[in-house]
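What follows is each chain in one-letter form.
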Amino acid sequence: MSAPTLTAAPPHTLVEDVAGITVGTFLASFGLFLLHSTSAVTGGTAGLSLLLSYAAPIPFAVLFPLVNLPFFVVALRTRGWAFTVRSLVAVVAVSVFSSIHAAALPDLDVAPVYAVLFGNLAAGLGILVLFRHRASLGGFGILALLLQDRFGWRAGYVQMALDVVVVLASLTVVPPSVVGLSALGAVVLNLVLSMNHRPGRYQG
C-alpha cells in the first residue's frame, strides 16, 4: 500500500492572519513586560531594547520600533512587502500592548525566577504564532528566518547564537545574577522556537 500523498495546507485567510498576529503580539508583549518588571533581558532586538531602556531614560515602547528599523530595510529587500508589513505591524502592536500591560498592572510584584521563565515562554509562544502567520518581531527574527530559508538552519538555533551576544552585553547594566537568570530564560524562549518551527512542517 502506497503512502498517503501530502497536500499543502490552504493559506491563512486575512481574518486568521489578523487574529494570529494579535494573539502572538499580545503573548510576546506580556512576556516582555514580565521581564521588564524584574529588570531582566532576553535575546534579539527585544532584549536589546530592554537593555537600552535600563541604560537610558527612554521607554521600551519607543525603543523597540526604533531598534528594528534597519532590519525592516533588510526584510523589505529579501522577504518582500507582505512579510515586512506584517512584521512592522507586529512590532508596533508589541509596543502598544507593552504600554497597556504597564498601565493595567502598575504594581505587579512577581518572583524573578517565575517572571523570567514564564516571560520567555510566553514570548516564545507569541513569536511562534507570528512565524506561522508569516510575520516576526523584526530584528534577529528576520535574520534567523532568512538564514533558515537560504541554508536550512533552524531559526531558533540561529537566534539563540545571536541572543548570547545581547545577554552578555547586559552585564554592563544589570547584576550578574540577573544576567544568569536572563540567559536561562533566553534558552527557554529559543527552545520553544527550535522544537516547533522547522521548514516544511507548517504551511499556510
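Peer 1: I tried to follow helix α7 (residues 176-196) on my own but got confused; where do I start?
Peer 2: Since the α-helix packs 3.6 residues into each turn, any two residues three or four apart lie on the same face. Between the first and last C-alpha of α7 there are 31 Å, a value that for 21 residues agrees with the 30 Å anticipated at 1.5 Å per step. Looking only at α7, the buried set comprises Val-178, Val-179, Leu-181, Ser-182, Gly-185, Ala-186, Leu-189, Asn-190, Val-192, Leu-193 and Ser-194.

Peer 1: I would appreciate a short explanation of the packing of helix α4 (residues 112-132) against α7 in the present structure.
Peer 2: Two packed helices can be described by the angle between their axes and the distance between those axes. Viewed as axis vectors pointing N to C, α4 and α7 meet at an angle of 30 degrees, and their least axial separation amounts to 8 Å. Between α4 and α7, the angle is such that the two are roughly parallel. For α4 against α7, the interelement crossing comes out right-handed. In terms of residue class, the contact of α4 with α7 is made up of 17 nonpolar, five polar and one charged.

Peer 1: How do you make sense of the nonpolar core when you look at a structure like this?
Peer 2: Generally speaking, a soluble globular protein has its nonpolar side chains buried in company with each other. Grouped together as the largest cluster of nonpolar side chains are 37 residues, with contacts concentrated most on Leu-32, Phe-64, Val-94 and Leu-137. Among the secondary structure elements, those contributing two or more residues to this core are α1 (14-37), α2 (44-55), α3 (60-104), α4, α5 (140-151), α6 (155-169) and α7. At eight residues, α3 tops the list of elements feeding residues into this core. Those residues in contact with Phe-64 that sit more than four places away from it in its chain are Thr-45, Ala-46, Ser-49, Val-91, Val-94, Ser-95 and Leu-137.

Peer 1: Even after reading the chapter, I still don't get a nonpolar patch on the surface, so can you show me in this structure?
Peer 2: On the surface, Val-23, Leu-27, Tyr-114, Phe-118, Leu-121 and Leu-125 cluster together into a nonpolar patch covering about 500 Å² of accessible area. Of all the secondary-structure elements, those providing two or more residues to the nonpolar patch are α1 and α4. Here Leu-121 shows up in helix α4.

Peer 1: Teacher, can you tell me more about the side chain of His-12 here?
Peer 2: Along the chain, His-12 falls in the segment before α1. Among the polar contacts listed, one links the side chain of His-12 to the backbone oxygen of Arg-132, at a separation of 3.3 Å.

Peer 1: Mind showing me how you'd approach the packing of α1 against α3 here?
Peer 2: It is at 10 Å that the axes of α1 and α3 come closest, and there the two elements cross at 55 degrees. The angle between α1 and α3 places the two elements in the oblique class. The crossing of α1 and α3 is right-handed. Between α1 and α3, the contacting residues are Asp-17, Ile-21, Thr-22, Thr-25, Phe-26, Ala-28, Ser-29, Phe-30, Leu-32 and Phe-33 on the first element and Phe-60, Arg-86, Ala-90, Ala-93, Val-94, Phe-97, Ser-98, His-101 and Ala-102 on the second. Here the contact of α1 with α3 is composed, by residue class, of twelve nonpolar, five polar and two charged.

Peer 1: What is the right way to read the confidence of the model for the chain from this model?
Peer 2: A low pLDDT means the predicted coordinates there should not be read in detail. Overall, the predicted model of the chain reaches an average pLDDT of 86, with 91% of residues at or above 70. Taken element by element, the chain is modelled with least confidence in α5, mean pLDDT 78, and with most confidence in α1, mean pLDDT 95.

Peer 1: Just checking my understanding: could you explain α4 for this structure?
Peer 2: Between the first and last C-alpha of α4 there are 30 Å, a value that for 21 residues agrees with the 30 Å anticipated at 1.5 Å per step. When we look at burial in α4, the residues that qualify are Ala-115, Val-116, Gly-119, Asn-120, Ala-122, Ala-123, Gly-124, Gly-126, Ile-127, Leu-128, Leu-130 and Phe-131. At the C-terminal side of α4, Arg-134 shows a positive phi close to 55 degrees.

Peer 1: Explanation requested: the side chain of Ser-182 in the structure shown.
Peer 2: Residue placement: Ser-182 occurs in helix α7. One polar contact links the side chain of Ser-182 to the main-chain amide nitrogen of Val-41, over a distance of 3.1 Å. What Ser-182 contacts, discounting residues up to four positions off in sequence, is Ala-40, Val-41 and Val-116.

Cut-offs and rules
- Residues numbered from 1 in each chain as written.
- Predicted model: local features only at pLDDT ≥ 70, side-chain atom pairs only at ≥ 80, totals over all residues.
- Heavy atoms only, no water.
- Helix = DSSP H or I, 4+ residues; strand = E, 2+ residues; numbered from the N terminus.
- Expected span 1.5 Å × (residues − 1).
- Buried < 20%, exposed > 50% of the residue type's maximum accessible area, 1.4 Å probe, protein only.
- Axes fitted to C-alpha atoms, helices over the stretch in contact; angles between N-to-C directions.
- Parallel < 35°, antiparallel > 145°, perpendicular 65-115°, else oblique.
- Left-handed = near helix turned anticlockwise from the far one by under 90°.
- Nonpolar A, V, L, I, M, F, W, Y, C, P; charged D, E, K, R; others polar.
- Core = buried A, V, L, I, M, F, W, Y, C linked by side-chain atoms within 4.5 Å.
- Contact = heavy atoms within 4.5 Å.
- Patch = residues over 30% accessible without salt bridge, like charges linked within 9 Å, V, L, I, M, F, W, Y side chains within 5 Å.
- Areas by Shrake-Rupley, 256 points an atom, 1.4 Å probe, with all protein chains shown as cover.
- Salt bridge = Lys/Arg side-chain N within 4 Å of Asp/Glu carboxyl O.
- Polar contact = N/O pair within 3.5 Å; in protein donor to acceptor, adjacent residues only side chain to side chain.
- pLDDT = per-residue confidence, 0-100.

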